[in-house]
Amino acid sequence: MEPRNFDGDADRPRSAGAKQTGRVLVIGPYLRVRAGGADAQSESYVLRDADARLDEAAGLARAIDLVIADAIIAPISQIRPATYIGKGKVEEITGLIKSLEVDLVVMDCALAPIQQRNLEKEWNAKVLDRTGLILEIFGRRAKTKEGSLQVELAHLNYQRSRLVRSWTHLERQRGGFGFMGGPGETQIEADRRLIQERISKLEGELKKVQATRRLHRAGRQRVPYRVVALVGYTNAGKSTLFNRLTRADVQAADMLFATLDPTLRALNLPHGGKAMLSDTVGFISNLPTQLVAAFRATLEEVLEADVILHVRDISHEDAEAQQSDVDAVLRQLGINPDDSGRIIEVWNKIDRFDAEQRDELLNIAARRPEDHPAMLVSAVSGEGIDALLAAIEERLAAKRTTLDLSIDAADGAGISWLHRNAEVLAKELHDGRFDMTVRVDETKRDIVVSRFDAVPHLSA
(Lines give C-alpha, C1' and ligand atoms only; values in the text may rest on other atoms or scores of the structure.)
Protein backbone atom coordinates (compact mmCIF):
# COMPACT_ATOMS: atom_id res chain seq x y z
CA MET A 1 0.00 0.00 0.00
CA GLU A 2 1.86 3.07 -1.26
CA PRO A 3 0.90 6.38 0.35
CA ARG A 4 0.03 9.16 -2.10
CA ASN A 5 0.82 12.71 -1.05
CA PHE A 6 -1.49 15.49 -2.24
CA ASP A 7 0.16 18.71 -1.08
CA GLY A 8 3.76 17.76 -1.48
CA ASP A 9 4.84 18.25 2.13
CA ALA A 10 5.61 14.65 3.11
CA ASP A 11 9.32 15.11 2.41
CA ARG A 12 9.63 18.47 4.12
CA PRO A 13 11.66 18.30 7.37
CA ARG A 14 9.79 18.86 10.60
CA SER A 15 11.40 19.96 13.83
CA ALA A 16 12.06 17.10 16.22
CA GLY A 17 9.25 16.47 18.64
CA ALA A 18 6.98 19.09 17.02
CA LYS A 19 3.43 17.82 16.72
CA GLN A 20 1.35 19.58 14.08
CA THR A 21 -2.36 19.83 14.78
CA GLY A 22 -5.19 19.57 12.31
CA ARG A 23 -3.36 17.12 10.02
CA VAL A 24 -5.55 14.61 8.21
CA LEU A 25 -5.05 11.20 6.64
CA VAL A 26 -7.55 10.39 3.87
CA ILE A 27 -8.15 6.67 3.25
CA GLY A 28 -9.99 5.14 0.31
CA PRO A 29 -11.09 1.65 1.44
CA TYR A 30 -12.39 0.53 -1.95
CA LEU A 31 -13.71 -2.93 -2.68
CA ARG A 32 -11.98 -4.92 -5.39
CA VAL A 33 -14.91 -5.62 -7.76
CA ARG A 34 -15.25 -6.75 -11.34
CA ALA A 35 -17.42 -4.69 -13.68
CA GLY A 36 -20.87 -6.22 -13.53
CA GLY A 37 -19.94 -8.29 -10.49
CA ALA A 38 -22.43 -9.05 -7.75
CA ASP A 39 -20.49 -6.88 -5.24
CA ALA A 40 -20.88 -3.73 -7.31
CA GLN A 41 -22.84 -1.22 -5.27
CA SER A 42 -23.91 0.81 -8.30
CA GLU A 43 -23.12 1.38 -11.93
CA SER A 44 -21.01 4.43 -11.09
CA TYR A 45 -19.16 2.42 -8.43
CA VAL A 46 -17.72 0.27 -11.21
CA LEU A 47 -17.21 3.16 -13.64
CA ARG A 48 -15.35 5.44 -11.25
CA ASP A 49 -11.57 5.21 -11.11
CA ALA A 50 -10.14 4.62 -7.61
CA ASP A 51 -7.63 7.49 -7.94
CA ALA A 52 -10.43 9.86 -8.98
CA ARG A 53 -12.52 8.77 -6.00
CA LEU A 54 -9.60 9.43 -3.68
CA ASP A 55 -9.02 12.84 -5.29
CA GLU A 56 -12.67 13.67 -4.65
CA ALA A 57 -12.43 12.60 -1.00
CA ALA A 58 -9.34 14.77 -0.57
CA GLY A 59 -11.24 17.64 -2.22
CA LEU A 60 -14.05 17.23 0.29
CA ALA A 61 -11.54 17.47 3.13
CA ARG A 62 -9.94 20.58 1.63
CA ALA A 63 -13.39 22.16 1.29
CA ILE A 64 -13.40 22.69 5.07
CA ASP A 65 -9.74 23.77 5.18
CA LEU A 66 -8.29 20.54 6.53
CA VAL A 67 -4.55 20.04 6.04
CA ILE A 68 -3.98 16.73 4.27
CA ALA A 69 -0.86 14.92 5.44
CA ASP A 70 -1.39 12.05 3.02
CA ALA A 71 -4.07 10.19 1.07
CA ILE A 72 -3.94 6.46 0.38
CA ILE A 73 -5.97 3.74 -1.29
CA ALA A 74 -6.58 0.69 0.90
CA PRO A 75 -8.11 -1.97 -1.40
CA ILE A 76 -10.20 -4.57 0.40
CA SER A 77 -11.74 -7.83 -0.74
CA GLN A 78 -14.69 -7.66 1.66
CA ILE A 79 -16.15 -5.37 4.31
CA ARG A 80 -15.31 -6.41 7.88
CA PRO A 81 -18.18 -5.96 10.37
CA ALA A 82 -15.92 -4.72 13.18
CA THR A 83 -13.56 -2.28 11.43
CA TYR A 84 -14.65 -2.19 7.75
CA ILE A 85 -11.05 -2.98 6.68
CA GLY A 86 -8.98 -6.01 7.66
CA LYS A 87 -6.92 -6.35 10.84
CA GLY A 88 -3.63 -6.23 8.95
CA LYS A 89 -4.50 -2.96 7.25
CA VAL A 90 -5.68 -1.49 10.55
CA GLU A 91 -2.25 -2.22 12.07
CA GLU A 92 -0.42 -0.92 9.01
CA ILE A 93 -2.38 2.34 9.09
CA THR A 94 -1.73 2.65 12.85
CA GLY A 95 1.96 2.99 12.11
CA LEU A 96 1.29 5.51 9.33
CA ILE A 97 -0.87 7.63 11.64
CA LYS A 98 1.90 7.76 14.23
CA SER A 99 4.59 8.62 11.70
CA LEU A 100 2.53 11.36 10.06
CA GLU A 101 1.27 12.67 13.42
CA VAL A 102 -2.30 13.07 12.21
CA ASP A 103 -5.26 13.98 14.40
CA LEU A 104 -8.10 13.02 12.08
CA VAL A 105 -8.66 10.09 9.72
CA VAL A 106 -11.20 10.48 6.91
CA MET A 107 -12.59 7.19 5.60
CA ASP A 108 -14.14 7.55 2.14
CA CYS A 109 -17.01 5.17 2.89
CA ALA A 110 -20.08 4.92 5.11
CA LEU A 111 -19.07 3.51 8.49
CA ALA A 112 -21.41 1.85 10.94
CA PRO A 113 -21.28 3.42 14.44
CA ILE A 114 -19.47 0.37 15.89
CA GLN A 115 -16.91 0.42 13.06
CA GLN A 116 -16.20 4.09 13.65
CA ARG A 117 -15.76 3.57 17.40
CA ASN A 118 -13.48 0.53 16.96
CA LEU A 119 -11.23 2.38 14.50
CA GLU A 120 -10.96 5.37 16.84
CA LYS A 121 -9.84 3.03 19.63
CA GLU A 122 -7.28 1.28 17.42
CA TRP A 123 -5.83 4.45 15.92
CA ASN A 124 -6.22 6.79 18.91
CA ALA A 125 -7.50 9.46 16.52
CA LYS A 126 -10.81 10.94 15.50
CA VAL A 127 -12.41 9.05 12.57
CA LEU A 128 -14.84 10.68 10.16
CA ASP A 129 -16.68 8.81 7.40
CA ARG A 130 -17.90 10.21 4.09
CA THR A 131 -21.35 11.08 5.43
CA GLY A 132 -19.93 12.92 8.44
CA LEU A 133 -17.49 14.84 6.23
CA ILE A 134 -20.23 15.98 3.83
CA LEU A 135 -22.37 17.04 6.80
CA GLU A 136 -19.44 19.13 8.10
CA ILE A 137 -19.15 20.87 4.73
CA PHE A 138 -22.88 21.53 4.57
CA GLY A 139 -22.82 22.90 8.10
CA ARG A 140 -20.21 25.48 7.12
CA ARG A 141 -21.78 26.37 3.78
CA ALA A 142 -25.38 26.97 4.95
CA LYS A 143 -26.09 30.70 4.96
CA THR A 144 -29.88 30.98 5.08
CA LYS A 145 -32.16 29.92 7.92
CA GLU A 146 -33.65 27.20 5.70
CA GLY A 147 -30.25 25.77 4.84
CA SER A 148 -29.20 25.77 8.50
CA LEU A 149 -32.40 23.94 9.49
CA GLN A 150 -31.87 21.30 6.83
CA VAL A 151 -28.24 20.71 7.78
CA GLU A 152 -29.02 20.50 11.49
CA LEU A 153 -31.82 18.00 10.85
CA ALA A 154 -29.55 15.79 8.75
CA HIS A 155 -26.77 16.06 11.33
CA LEU A 156 -29.04 15.09 14.24
CA ASN A 157 -30.40 12.06 12.36
CA TYR A 158 -26.79 11.01 11.72
CA GLN A 159 -25.71 11.69 15.31
CA ARG A 160 -28.65 9.84 16.85
CA SER A 161 -27.36 6.49 15.56
CA ARG A 162 -23.87 7.17 16.91
CA LEU A 163 -24.57 7.63 20.60
CA VAL A 164 -22.34 5.23 22.51
CA ARG A 165 -21.75 4.58 26.21
CA SER A 166 -19.16 7.27 26.75
CA TRP A 167 -20.49 8.60 30.05
CA THR A 168 -19.55 5.92 32.58
CA HIS A 169 -19.91 8.40 35.46
CA LEU A 170 -23.50 9.10 34.39
CA GLU A 171 -24.31 5.68 33.05
CA ARG A 172 -27.44 5.31 35.19
CA GLN A 173 -29.46 7.84 37.10
CA ARG A 174 -31.75 6.65 39.88
CA GLY A 175 -35.47 7.31 39.80
CA GLY A 176 -37.46 8.16 42.94
CA PHE A 177 -35.96 8.25 46.48
CA GLY A 178 -33.78 5.91 48.47
CA PHE A 179 -33.47 2.32 47.32
CA MET A 180 -37.08 1.90 46.34
CA GLY A 181 -36.81 3.84 43.09
CA GLY A 182 -36.21 1.76 40.00
CA PRO A 183 -33.44 2.39 37.52
CA GLY A 184 -33.77 5.84 36.02
CA GLU A 185 -33.17 7.15 32.55
CA THR A 186 -29.70 6.34 31.22
CA GLN A 187 -27.58 9.18 29.85
CA ILE A 188 -27.82 7.71 26.35
CA GLU A 189 -31.60 7.54 26.56
CA ALA A 190 -31.73 11.13 27.81
CA ASP A 191 -29.58 12.30 24.91
CA ARG A 192 -31.66 10.35 22.42
CA ARG A 193 -34.81 11.91 23.82
CA LEU A 194 -33.35 15.42 23.57
CA ILE A 195 -32.21 14.78 20.02
CA GLN A 196 -35.63 13.41 19.06
CA GLU A 197 -37.34 16.46 20.55
CA ARG A 198 -35.05 18.75 18.55
CA ILE A 199 -35.64 16.71 15.38
CA SER A 200 -39.41 17.02 15.83
CA LYS A 201 -39.09 20.78 16.27
CA LEU A 202 -36.90 21.12 13.16
CA GLU A 203 -39.31 19.03 11.09
CA GLY A 204 -42.12 21.36 12.15
CA GLU A 205 -40.10 24.43 11.14
CA LEU A 206 -39.22 22.87 7.79
CA LYS A 207 -42.91 22.19 7.14
CA LYS A 208 -43.47 25.93 7.54
CA VAL A 209 -40.64 26.53 5.04
CA GLN A 210 -42.30 24.14 2.59
CA ALA A 211 -45.64 25.92 3.05
CA THR A 212 -43.96 29.28 2.35
CA ARG A 213 -42.32 27.86 -0.77
CA ARG A 214 -45.68 26.57 -1.97
CA LEU A 215 -47.13 30.07 -1.57
CA HIS A 216 -44.24 31.60 -3.52
CA ARG A 217 -44.60 28.91 -6.18
CA ALA A 218 -48.34 29.56 -6.45
CA GLY A 219 -47.59 33.26 -6.88
CA ARG A 220 -45.19 32.51 -9.74
CA GLN A 221 -47.78 30.27 -11.36
CA ARG A 222 -50.24 33.17 -11.50
CA VAL A 223 -47.88 34.97 -13.88
CA PRO A 224 -46.56 33.43 -17.12
CA TYR A 225 -43.12 32.56 -15.71
CA ARG A 226 -41.91 28.99 -16.02
CA VAL A 227 -39.18 27.49 -13.82
CA VAL A 228 -35.84 26.18 -15.12
CA ALA A 229 -33.67 24.30 -12.59
CA LEU A 230 -29.95 23.57 -12.69
CA VAL A 231 -28.82 20.19 -11.41
CA GLY A 232 -25.50 18.43 -11.67
CA TYR A 233 -22.52 16.97 -9.90
CA THR A 234 -20.84 19.27 -7.42
CA ASN A 235 -18.22 21.52 -9.04
CA ALA A 236 -19.67 20.96 -12.52
CA GLY A 237 -19.96 24.74 -12.98
CA LYS A 238 -23.65 25.24 -12.18
CA SER A 239 -23.20 28.53 -10.31
CA THR A 240 -20.89 29.94 -13.00
CA LEU A 241 -23.47 29.02 -15.63
CA PHE A 242 -26.21 30.52 -13.42
CA ASN A 243 -24.29 33.81 -13.26
CA ARG A 244 -23.69 33.76 -17.03
CA LEU A 245 -27.37 33.16 -17.84
CA THR A 246 -28.84 35.65 -15.36
CA ARG A 247 -26.01 38.18 -14.92
CA ALA A 248 -26.13 37.41 -11.20
CA ASP A 249 -23.25 37.27 -8.72
CA VAL A 250 -23.87 33.98 -6.93
CA GLN A 251 -20.71 32.61 -5.33
CA ALA A 252 -18.85 30.38 -7.79
CA ALA A 253 -15.59 28.74 -6.82
CA ASP A 254 -13.46 25.78 -7.86
CA MET A 255 -14.38 23.72 -4.81
CA LEU A 256 -16.87 21.03 -3.87
CA PHE A 257 -20.23 22.32 -2.60
CA ALA A 258 -19.36 26.01 -3.13
CA THR A 259 -23.12 26.63 -3.38
CA LEU A 260 -25.55 25.19 -0.86
CA ASP A 261 -28.52 27.50 -0.46
CA PRO A 262 -30.96 27.67 -3.40
CA THR A 263 -31.18 30.85 -5.47
CA LEU A 264 -33.86 32.06 -7.92
CA ARG A 265 -33.27 34.73 -10.58
CA ALA A 266 -35.15 35.94 -13.67
CA LEU A 267 -33.94 34.44 -16.96
CA ASN A 268 -34.46 36.52 -20.12
CA LEU A 269 -35.25 34.37 -23.17
CA PRO A 270 -34.24 35.27 -26.76
CA HIS A 271 -37.70 36.40 -27.94
CA GLY A 272 -38.58 38.54 -24.95
CA GLY A 273 -40.06 35.88 -22.71
CA LYS A 274 -39.00 35.28 -19.12
CA ALA A 275 -38.46 32.27 -16.90
CA MET A 276 -37.21 31.73 -13.36
CA LEU A 277 -33.82 29.99 -13.09
CA SER A 278 -33.07 28.03 -9.92
CA ASP A 279 -29.58 27.07 -8.75
CA THR A 280 -29.53 24.06 -6.40
CA VAL A 281 -27.08 22.14 -4.24
CA GLY A 282 -24.68 19.94 -6.18
CA PHE A 283 -25.00 16.16 -6.10
CA ILE A 284 -22.20 13.72 -5.35
CA SER A 285 -21.62 9.98 -5.45
CA ASN A 286 -23.04 8.11 -2.45
CA LEU A 287 -24.95 11.21 -1.34
CA PRO A 288 -26.16 10.45 2.20
CA THR A 289 -29.83 9.50 2.19
CA GLN A 290 -30.53 11.73 5.18
CA LEU A 291 -29.26 14.70 3.17
CA VAL A 292 -31.58 13.89 0.27
CA ALA A 293 -34.47 13.71 2.76
CA ALA A 294 -33.48 16.88 4.62
CA PHE A 295 -32.98 18.91 1.44
CA ARG A 296 -36.24 17.81 -0.11
CA ALA A 297 -37.73 21.24 0.61
CA THR A 298 -34.95 22.86 -1.41
CA LEU A 299 -35.11 20.26 -4.16
CA GLU A 300 -38.85 20.86 -4.55
CA GLU A 301 -37.80 23.57 -7.01
CA VAL A 302 -36.35 20.78 -9.16
CA LEU A 303 -39.47 18.64 -8.75
CA GLU A 304 -41.68 21.51 -9.91
CA ALA A 305 -39.38 22.74 -12.71
CA ASP A 306 -40.68 22.81 -16.28
CA VAL A 307 -37.18 22.30 -17.68
CA ILE A 308 -34.16 20.78 -15.91
CA LEU A 309 -30.63 21.56 -17.08
CA HIS A 310 -28.30 18.68 -16.19
CA VAL A 311 -24.92 20.44 -16.12
CA ARG A 312 -21.94 18.14 -16.65
CA ASP A 313 -18.23 18.86 -16.37
CA ILE A 314 -17.43 17.17 -19.66
CA SER A 315 -13.70 17.70 -19.12
CA HIS A 316 -13.66 15.55 -15.97
CA GLU A 317 -12.09 12.12 -16.29
CA ASP A 318 -15.09 10.56 -14.51
CA ALA A 319 -17.79 12.50 -16.39
CA GLU A 320 -19.76 9.35 -17.25
CA ALA A 321 -19.74 8.11 -13.65
CA GLN A 322 -20.79 11.54 -12.40
CA GLN A 323 -23.72 11.50 -14.84
CA SER A 324 -24.78 8.13 -13.45
CA ASP A 325 -24.64 9.51 -9.88
CA VAL A 326 -26.82 12.51 -10.76
CA ASP A 327 -29.30 10.26 -12.55
CA ALA A 328 -29.52 8.08 -9.43
CA VAL A 329 -30.36 11.10 -7.21
CA LEU A 330 -32.96 12.32 -9.72
CA ARG A 331 -34.61 8.89 -9.57
CA GLN A 332 -34.64 9.16 -5.76
CA LEU A 333 -36.57 12.40 -6.19
CA GLY A 334 -39.05 10.73 -8.54
CA ILE A 335 -37.70 12.36 -11.73
CA ASN A 336 -37.04 10.28 -14.84
CA PRO A 337 -33.52 11.27 -16.06
CA ASP A 338 -34.41 9.97 -19.54
CA ASP A 339 -37.32 12.41 -19.94
CA SER A 340 -35.99 14.24 -23.00
CA GLY A 341 -38.99 16.57 -23.05
CA ARG A 342 -38.00 17.98 -19.69
CA ILE A 343 -34.24 17.48 -19.27
CA ILE A 344 -31.54 19.17 -21.34
CA GLU A 345 -28.00 17.83 -21.00
CA VAL A 346 -25.43 20.64 -20.85
CA TRP A 347 -21.78 19.75 -21.49
CA ASN A 348 -19.89 22.49 -19.67
CA LYS A 349 -16.20 23.52 -19.58
CA ILE A 350 -15.49 22.99 -23.30
CA ASP A 351 -12.98 25.86 -22.99
CA ARG A 352 -10.61 23.29 -21.46
CA PHE A 353 -10.34 21.40 -24.77
CA ASP A 354 -8.04 22.23 -27.69
CA ALA A 355 -9.44 22.55 -31.23
CA GLU A 356 -8.96 18.87 -32.11
CA GLN A 357 -10.56 17.61 -28.89
CA ARG A 358 -13.45 20.04 -29.34
CA ASP A 359 -14.12 18.76 -32.87
CA GLU A 360 -14.19 15.21 -31.53
CA LEU A 361 -16.63 16.28 -28.82
CA LEU A 362 -18.87 17.97 -31.39
CA ASN A 363 -18.92 14.76 -33.44
CA ILE A 364 -19.93 12.74 -30.37
CA ALA A 365 -22.74 15.21 -29.62
CA ALA A 366 -23.90 15.17 -33.25
CA ARG A 367 -24.32 11.38 -33.16
CA ARG A 368 -26.70 11.52 -30.22
CA PRO A 369 -30.42 10.87 -30.86
CA GLU A 370 -32.41 13.96 -31.86
CA ASP A 371 -34.60 13.69 -28.77
CA HIS A 372 -31.52 13.55 -26.47
CA PRO A 373 -29.30 16.42 -27.68
CA ALA A 374 -26.28 17.73 -25.77
CA MET A 375 -25.62 21.47 -25.57
CA LEU A 376 -21.90 22.29 -25.56
CA VAL A 377 -21.13 25.43 -23.56
CA SER A 378 -18.46 27.25 -21.63
CA ALA A 379 -19.91 29.11 -18.66
CA VAL A 380 -16.58 30.94 -18.34
CA SER A 381 -16.22 32.22 -21.92
CA GLY A 382 -19.91 32.31 -22.86
CA GLU A 383 -19.50 29.99 -25.84
CA GLY A 384 -22.72 28.12 -26.67
CA ILE A 385 -24.90 30.18 -24.30
CA ASP A 386 -27.11 31.61 -27.08
CA ALA A 387 -27.83 28.11 -28.42
CA LEU A 388 -28.64 26.92 -24.89
CA LEU A 389 -31.08 29.78 -24.33
CA ALA A 390 -32.77 28.97 -27.63
CA ALA A 391 -33.10 25.32 -26.60
CA ILE A 392 -34.61 26.34 -23.23
CA GLU A 393 -37.11 28.60 -24.97
CA GLU A 394 -38.05 25.83 -27.40
CA ARG A 395 -38.69 23.35 -24.58
CA LEU A 396 -40.77 25.84 -22.65
CA ALA A 397 -42.77 26.76 -25.76
CA ALA A 398 -43.53 23.07 -26.38
CA LYS A 399 -45.45 23.02 -23.09
CA ARG A 400 -47.58 26.03 -24.08
CA THR A 401 -50.25 26.81 -26.67
CA THR A 402 -50.02 29.61 -29.24
CA LEU A 403 -53.30 31.40 -30.02
CA ASP A 404 -54.48 34.21 -32.32
CA LEU A 405 -57.13 36.70 -31.22
CA SER A 406 -58.57 40.12 -32.00
CA ILE A 407 -59.46 42.52 -29.18
CA ASP A 408 -60.99 45.99 -29.10
CA ALA A 409 -58.26 48.59 -28.50
CA ALA A 410 -60.56 50.21 -25.92
CA ASP A 411 -60.58 47.04 -23.81
CA GLY A 412 -57.69 48.10 -21.61
CA ALA A 413 -58.52 45.59 -18.85
CA GLY A 414 -58.48 42.67 -21.31
CA ILE A 415 -55.20 43.77 -22.92
CA SER A 416 -53.64 44.21 -19.48
CA TRP A 417 -54.83 40.74 -18.42
CA LEU A 418 -53.23 39.18 -21.51
CA HIS A 419 -49.90 40.89 -20.80
CA ARG A 420 -49.98 39.61 -17.21
CA ASN A 421 -51.09 36.07 -17.91
CA ALA A 422 -49.71 35.26 -21.36
CA GLU A 423 -46.63 35.81 -23.46
CA VAL A 424 -47.50 38.32 -26.19
CA LEU A 425 -45.62 37.29 -29.36
CA ALA A 426 -47.17 39.79 -31.79
CA LYS A 427 -49.50 42.80 -31.53
CA GLU A 428 -50.72 44.97 -34.43
CA LEU A 429 -53.43 47.68 -34.53
CA HIS A 430 -55.97 47.44 -37.38
CA ASP A 431 -59.20 49.54 -37.53
CA GLY A 432 -59.40 50.09 -33.79
CA ARG A 433 -58.65 46.48 -32.85
CA PHE A 434 -55.45 44.74 -31.78
CA ASP A 435 -54.64 41.52 -33.66
CA MET A 436 -52.54 39.56 -31.19
CA THR A 437 -50.63 36.30 -31.10
CA VAL A 438 -50.11 35.00 -27.57
CA ARG A 439 -48.58 31.93 -25.97
CA VAL A 440 -50.31 30.62 -22.86
CA ASP A 441 -49.93 27.83 -20.37
CA GLU A 442 -52.35 24.92 -20.77
CA THR A 443 -54.03 25.90 -17.50
CA LYS A 444 -55.08 29.26 -18.99
CA ARG A 445 -55.83 28.14 -22.54
CA ASP A 446 -59.57 27.65 -22.00
CA ILE A 447 -59.90 31.07 -20.32
CA VAL A 448 -58.26 32.86 -23.27
CA VAL A 449 -60.32 30.91 -25.82
CA SER A 450 -63.64 31.62 -24.12
CA ARG A 451 -62.99 35.23 -23.09
CA PHE A 452 -61.31 36.50 -26.27
CA ASP A 453 -62.67 34.07 -28.85
CA ALA A 454 -59.08 32.97 -29.58
CA VAL A 455 -58.18 30.31 -32.17
CA PRO A 456 -55.07 28.15 -32.58
CA HIS A 457 -52.23 29.96 -34.32
CA LEU A 458 -51.44 28.75 -37.84
CA SER A 459 -47.69 28.78 -38.51
CA ALA A 460 -46.60 30.30 -41.81
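Model, not experiment: these values are computed from the prediction.

A. Examining the overall build of the chain more closely. Within the chain one finds 15 helices and 16 strands. Relative to its 460 residues, the chain shows a buried fraction of 48%.

B. Focus on the sheet that holds strand β10 (residues 307–313). Read from one edge of the open sheet, 6 strands run β8-β9-β7-β10-β11-β12, paired in mixed fashion. Unpaired on one side and paired on the other, β8 (263–268) and β12 (374–376) mark the two borders of the sheet. For this sheet, the mean angle separating the axes of adjacent strands, direction not counted, is 30 degrees. Contacting β7 (226–232), β10 and β11 (343–348), helix α11 (residues 319–332) crosses the sheet at an angle of about 150 degrees to β10.

C. Examining the packing of helix α2 (residues 50–62) against helix α5 (residues 130–141) more closely. At their nearest, the axes of α2 and α5 sit 9 Å apart, and the two run at 40 degrees to each other. In terms of orientation, α2 lies oblique with respect to α5. The hand of the α2/α5 crossing is left-handed. Counted together, Glu56, Ala57, Leu60 and Ala61 of α2 and Arg130, Leu133, Ile134 and Ile137 of α5 form the full contact between these two elements. The residue inventory of the contact of α2 with α5, partitioned by class, reads 6 nonpolar, no polar and 2 charged.

D. Structural context of the UniProt feature "binding site: Mg(2+)" (unreviewed entry) in the chain. The residues that UniProt annotates with the feature "binding site: Mg(2+)" (unreviewed entry) are Ser239 and Thr259. Summarising the element assignment, Ser239 is placed in helix α8 (residues 238–246). Classification of Ser239 by relative accessible area gives buried; the value is 8%.

E. Examining the pairing of strand β4 (residues 126–129) more closely. Bridging between strand β3 (residues 104–107) and β4 involves 4 bridges; their strand directions are parallel. Within β4, the residue paired with Val105 across the bridge is Val127. Taken together, β3, helix α4 (residues 113–123) and β4 constitute a β-α-β crossover, and its handedness is right-handed.

F. Spotlight on the nonpolar core. Of all hydrophobic cores here, the largest spans 41 residues; its most connected members are Val26, Phe283, Val302 and Leu330. Where this core is concerned, the elements lending two or more residues are β1 (23–28), α2, β2 (67–73), β3, α5, β7, α10 (296–303) and α11. The element contributing the most residues to this core is α2, with 5 residues. Both domain 1 (2–139) and domain 3 (224–397) contribute no fewer than three residues apiece to this core. Residues within four places of Phe283 in sequence aside, it is in contact with Val231, Gly232, Tyr233, Thr234, Leu299, Val326, Val329, Leu330 and Leu333. Leu230, Val311, Ala379 and Leu396 belong to the second largest nonpolar core, which has 24 residues in total.

G. The packing of aromatic side chains, seen in detail. Under the defined criterion, the tally for this structure stands at 1 aromatic pair. The interplanar angle of 40 degrees and the centroid separation of 6.0 Å between the aromatic rings of Trp417 and Phe452 together place this pair among those described as tilted. In this pair, Trp417 is assigned in helix α14 (residues 412–421) and Phe452 in helix α15 (residues 442–452), connecting sequence segments 35 residues apart. Exposure class is identical for Trp417 and Phe452. Each is buried. The ring of Tyr30 carries the charged tip of Arg53 above its face, separated from the ring centre by 4.0 Å. Looking at Lys427, its charged tip hangs above the ring of Phe434, at a distance of 4.7 Å from the centre.

H. Looking closely at a negative patch on the surface. A grouping of Asp354, Glu356, Asp359 and Glu360 is seen on the molecular surface, where their side chains present a negatively charged patch. As for its placement among the helices and strands, Asp359 is situated in helix α12 (residues 355–366).

I. Here's a closer look at empty space enclosed by the protein. Across all of its chains, the model carries 5 cavities of 30 Å³ or more by this definition. In terms of lining, the largest cavity is formed by 11 residues, of which the most central are Leu269, Leu396, Arg400, Glu423 and Arg439. Per-element tally for the lining of the largest cavity: the top contributor is helix α13 (residues 385–398), with 3 residues. Here the residues of the lining of the largest cavity sort into 4 nonpolar, 1 polar and 6 charged. Looking at which domains feed residues into the lining of the largest cavity, each of domain 3 (224–397) and domain 4 (400–456) gives three or more.

J. How the structure looks around the pairing of β8. Direction of pairing for β8 relative to strand β9 (residues 274–279): antiparallel, over a ladder of 6 bridges. By the bridge assignment for β9, Leu264 is matched with Ser278. Counted along the chain from β8 to the antiparallel partner β9, the turn is 5 residues long, and its residue Gly272 has a positive phi close to 95 degrees.

K. Structural view of the pattern of salt bridges. According to the stated counting rule, one finds 13 salt bridges in the structure shown. Here Arg445 and Asp446 are joined by a salt bridge, their closest N and O atoms 3.7 Å apart. The class for Arg445 is partly exposed, based on a relative accessible area of 26%. A network of salt bridges, in which partner residues are shared, links Arg312, Glu320, Glu345 and Arg368.

L. Structural detail: the sheet that holds strand β16 (residues 455–456). Taking strand neighbours across the sheet as the criterion, the 4 strands line up as β14-β15-β13-β16 in an open arrangement whose pairing is antiparallel. Strands with a single pairing partner mark the edges of an open sheet, and in this sheet they are β14 (423–430) and β16. Relative to strand β15 (residues 433–441), strand β13 (residues 400–408) is paired through 9 bridges, and the arrangement is antiparallel. In the sheet register, Ser406 faces β15, and the bridge partner there is Asp435. Contacts from α15 reach β13, β15 and β16 within the one sheet, and its direction differs from that of β13 by about 25 degrees.

M. Local environment of the environment of Arg358. With respect to the secondary-structure elements, Arg358 resides in helix α12. Residues Arg358 and Leu376, spaced 18 residues apart in sequence, show a C-alpha to C-alpha distance of 9.5 Å. Looking at Arg358, its side chain comes within polar contact range of the side chain of Glu383, at 2.6 Å.

Definitions and cut-offs
- Residues numbered from 1 in each chain as written.
- Predicted model: local features only at pLDDT ≥ 70, side-chain atom pairs only at ≥ 80, totals over all residues.
- Heavy atoms only, no water.
- Helix = DSSP H or I, 4+ residues; strand = E, 2+ residues; numbered from the N terminus.
- Buried < 20%, exposed > 50% of the residue type's maximum accessible area, 1.4 Å probe, protein only.
- Pairing = 2+ DSSP bridges.
- Axes fitted to C-alpha atoms, helices over the stretch in contact; angles between N-to-C directions.
- Contact = heavy atoms within 4.5 Å.
- Parallel < 35°, antiparallel > 145°, perpendicular 65-115°, else oblique.
- Left-handed = near helix turned anticlockwise from the far one by under 90°.
- Nonpolar A, V, L, I, M, F, W, Y, C, P; charged D, E, K, R; others polar.
- UniProt positions renumbered as here; feature names shortened; annotations may be inferred.
- Right-handed = clockwise from strand over helix to strand, strands pointing away.
- Core = buried A, V, L, I, M, F, W, Y, C linked by side-chain atoms within 4.5 Å.
- Domains from an automatic or database assignment.
- Phe/Tyr/Trp six-rings, centres within 6.5 Å; stacked < 30°, edge-to-face > 60°.
- Lys NZ or Arg CZ within 6 Å of the ring centre and 35° of its normal.
- Patch = residues over 30% accessible without salt bridge, like charges linked within 9 Å, V, L, I, M, F, W, Y side chains within 5 Å.
- Areas by Shrake-Rupley, 256 points an atom, 1.4 Å probe, with all protein chains shown as cover.
- Salt bridge = Lys/Arg side-chain N within 4 Å of Asp/Glu carboxyl O.
- Lys, Arg positive; Asp, Glu negative; His and termini not counted.
- Charge placed at Lys NZ, Arg CZ, Asp CG, Glu CD.
- 1 Å grid on protein atoms, 1.4 Å probe; cavity = no way out; pocket = protein on both sides within 12 Å on 5 of 7 lines; lining within 4 Å.
- Points joined across faces, edges and corners; volume = space filled by probe spheres on them.
- Polar contact = N/O pair within 3.5 Å; in protein donor to acceptor, adjacent residues only side chain to side chain.

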